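Here's the letter readout for the chains.
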Amino acid sequence: MDLEGGRARRNSSKKDSWRTVLTLAYQSLGVVYGDLSISPLYVFRSTFGEGIGHSNTNEEIFGVLSLVFWSVTLVPLVKYVFIVLKADDNGEGGTFALYSLLCRHAKVNSLPNCQLADEELYEYKKDSCGGGGAGVSSDRGFAFRLKSTLEKRKVLQKILLILALIGTCMVIGDGVLTPALSVFSAISGFELSMSKEHHAYVEVPVACIILVGLFALQHYGTHRVGFLFAPIVIIWLFCISAIGLYNIFFWNPQIYRALCPIYALRFIRKTQTGGWMALGGVLLSITGSEAMFADLGHFSQLSIQIAFTSVVYPSLILAYMGQAAYLSRHHDVEHAYHFGFYVSVPENLRWPVLVIAVFAAVVGSQAIITGTFSIIKQCSALNCFPRVKVVHTSSKIHGQIYIPEINWLLMLLTLAVTIGFRNTQHLGHASGLAVITVMLVTTCLMSLVIVLCWNQNVLFALTFVLFFGTIESLFFSASLTKFLQGAWVPIALAFVFMTVMYVWHFGTLKKYEFDVQNKVSINWLLGIGPSIGIVRVRGVGLIHTDLVSGIPVIFSHFVTNLPAFHQILVFLCIKHVPVPHVRPDERFLVGRVGPKNFRLYRCIVRYGYRDIHKDDVEFENDLLCSIAEFIRTGSTEVSANDEIEKIERMTVVGTYSSQTISRRGENGDNNVDNLDSEETSSELKEIKSPQVIQQKKQVRFLVPESPKIELEAKEELEEVIEAREAGIAYIIGHSYMNAKPGSSTIKKIAINFVYEFLRRNSRAPSFVLGVPHASSLEVGMMYQV
């Protein structure tokens, strides 16, 4: 939690210090632009690799350069740097950041565990995105009608979720294809120094060895080699720009004329010579643009804008112009490889440039692999991906994580496509389709963000989606024409991952709906107590549940078969909210279940989709401190006959805050405790300073002798302390899913086979993984959904 506070302070300092901004811009060169900077290795080769490679003229070369120039200018520069980067979710970017913004401004989140109290989180504020406007107004404008339509129609909500999942799946597919394409293109320089037969035997094994080494190093974390990244990319960009300038002045100084868009239009019209088909190769010049938005959480808008506009963009343009200048004087060659990058490099510099290119390719691959880890963690936090093990490789940089299962899966898939294709053209077709699909999804989601979140005129959104959507649709259609030449791979990968993600989300939703429909009221507990003779035992019992109100069915199942529970019972709900981070002082939401003498509490622990959840002694201490603060600051006793789950009041209690803030309940209770801030601050200071005995799991709280504490509250606090010293037991549900009799065949397959297979082979929830075996008790339940 201290890390999060430090991170928040770091983000706020970005805006104040130019030194910090420039440092972040330098670091972003090694993390964000690795993939984009190595595109000159394969763009011209992929573009001229087919039909147009046999009858090239300067007009066609000028046309390709014009297409590349305007593609790099319009998509990475105009769309991402100047528009999309402003749609950050409290500093976080990526497909799920856009979806998170839409979930907050229009209630389209499919999991019904949202509370009104969540909307009062600091990062939930309506004007959090950078496009201007304070959120959707309450008038009858287009934005309001669109918001109402999305909230009323479940079909549109599902379409929105599927759209976000498609973009996510294509990012994962890009994580498979980009390392193979980057490494293959980097080592293609060997073909200039050996025969074609020998090159075929050397290229694939060398590429596989480099890829295995790349994935094997992932568990060390990017922070161990982070200082190598930026210098490598800077050296690479300097090399390609210097070589580009040399080729421009030495071979064709008139190449600047190709920057006129007329050449691009003429080239596209020449479909009979493959002009339309060549768009799939031109598309590779903008691969990596999405990384600027996806990796926004590690840097800042200004730092990424400075790095791209001042270093990356001019270097790439000079590199492409230099290659075109060389090709304009050598377009009558017979071999396709003469359209590669290395042939335009002066012969005495080819080997040094080859070595630098291999390192740059590894850096570019590293960036997309790390980005894949991050987006899978976001999906898992929002219940859209099976639970996986997340290892945080850096104690200082929040976003550097490592997921072992995904790492080895990516390695196997990358080796498979490398051995299967064995050439950059097919890999380029596959990677291009994955990238352009992500861009199309971003364009669609951005149009909704412009209207719903930025509260801008609908004409602005229509202009955005029509202009960039038309450009990206042209690239998308050209990529689809290469379906049999490799473009089928990202579609197949997306279909598999999409099935996994949607089935997991569907099963999770059905399980939550079952819990909601079968939860029991406090009246049931009051009614069965005398009849079955419930016994209260010493200690604290933590019952893990996904419900934010009511008593879970697992507890009734447990009590009916074993009529005993602990003297202090806490219904613990650990949930993720659609914000990237939750501040530590807003982490815990505490309420009471039943009368005070029941000693039943509900504690909702809220995390953002980028937060770290740690289950250790510190978490237990924070949890008990939050309950103690709730008791000391007072709570209203509610009669059992009032159906407490319908009017239950929850109080935000932060273990690092100086005062307790009363929040509205789940169904809109607007009562607010009138607390004297000075008195509350002093009391919380005392309760937040527990004496810790130097033994694991042994924490003792001191109840201060203060006349301001009521006798009843003091007795309750003493009972909590006594129960804590007696020990904590964890009661965890172990659910089995089964489709109801009479369900459709598709639902039976999805629930009985696919979801159950994923559940059995996925990790247990992070809460369960941190529970000591000696203190845990699993209660099995069969869910008929």
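Residues numbered from 1 in each chain as written. Predicted model: local features only at pLDDT ≥ 70, side-chain atom pairs only at ≥ 80, totals over all residues. Heavy atoms only, no water.

**Student:** Can you walk me through the overall build of the protein in this structure?
**Tutor:** On a plain count of helices and strands, the protein comes out with 27 helices and twelve strands. Put simply, the protein has 785 residues, and 57% of those count as buried. When contacts within the protein are restricted to residue pairs at least 6 apart in sequence, long-range pairs at least 24 apart make up 83% of them. Taken as a whole, the protein presents about 31,800 Å² of accessible surface, with 60% of it coming from carbon and sulfur. (Helix = DSSP H or I, 4+ residues; strand = E, 2+ residues; numbered from the N terminus. Buried < 20%, exposed > 50% of the residue type's maximum accessible area, 1.4 Å probe, protein only. Contact = heavy atoms within 4.5 Å. Areas by Shrake-Rupley, 256 points an atom, 1.4 Å probe, with all protein chains shown as cover.)

**Student:** When you look at the pairing of strand β6 (residues 600-608) in this model, what are you seeing that I'm missing?
**Tutor:** Strand residues, when the strand is regular, have side chains that alternate between the two faces of the sheet. Burial of β6 is extensive: nine of the nine residues sit out of reach of the surface. The side-chain alternation of β6 yields two buried faces, one formed by L600, R602, I604, R606 and G608 and the other by Y601, C603, V605 and Y607. For strand β4 (residues 564-577) and β6, the ladder comprises nine bridges, and the chain directions are parallel. Looking across to β6, one finds that F571 is bridged to R602. As defined by bridge partners, strand β5 (residues 588-592) adjoins β6 across five bridges and the pair is classed as antiparallel. What sits directly across from G591, in β6, is R602. (Pairing = 2+ DSSP bridges.)

**Student:** Could you clarify how one ought to interpret the packing of aromatic side chains in this entry?
**Tutor:** Any two aromatic rings considered together are summarised by their centre-to-centre distance and by the angle between their planes. What the rule picks out here adds up to 14 aromatic pairs. Measuring from centroid to centroid gives 5.3 Å for Y246 and F250, while their planes differ by 10 degrees, and the two rings are stacked. Residue Y246 and its partner F250 are located together in helix α10 (residues 226-251), separated by four residues, close to a single helical turn. Feature note: the residues Y246, F250, W251 and Y326 constitute an aromatic cluster, connected by ring pairs. Cation over ring: R266 sits above Y263, and NZ or CZ is 5.7 Å from the ring centre. (Phe/Tyr/Trp six-rings, centres within 6.5 Å; stacked < 30°, edge-to-face > 60°. Lys NZ or Arg CZ within 6 Å of the ring centre and 35° of its normal.)

**Student:** What's the story with the pairing of strand β3 (residues 535-544) in this structure? I'm lost.
**Tutor:** For β3 and β4, the ladder comprises eight bridges, and the chain directions are parallel. Of the residues in β4, the one forming a bridge with V535 is A564. With four bridges joining them, β3 and strand β11 (residues 728-738) adopt parallel strand pairing. Across the sheet, the residue bridging to I543 is I731, located in β11.

**Student:** For this particular structure, what's the right way to read the environment of S775?
**Tutor:** Here S775 is to be found in the loop between α27 (766-769) and β12 (776-784). Judged by relative accessible area, which is 25%, S775 ranks as partly exposed. Between the C-alpha atom of S775 and that of G541, which follows or precedes it by 234 residues, the distance is 9.7 Å. Here S775 is in contact with I728, A729 and Y730, once residues within four sequence places are set aside.

**Student:** For this particular structure, what's the right way to read a negative patch on the surface?
**Tutor:** Together, E710, E712, E715 and E718 line one region of the surface with negative charge. Residue position: E718 is located in helix α25 (residues 711-726). For E718, a relative accessible area of 41% gives the class partly exposed. (Patch = residues over 30% accessible without salt bridge, like charges linked within 9 Å, V, L, I, M, F, W, Y side chains within 5 Å. Salt bridge = Lys/Arg side-chain N within 4 Å of Asp/Glu carboxyl O. Lys, Arg positive; Asp, Glu negative; His and termini not counted. Charge placed at Lys NZ, Arg CZ, Asp CG, Glu CD.)

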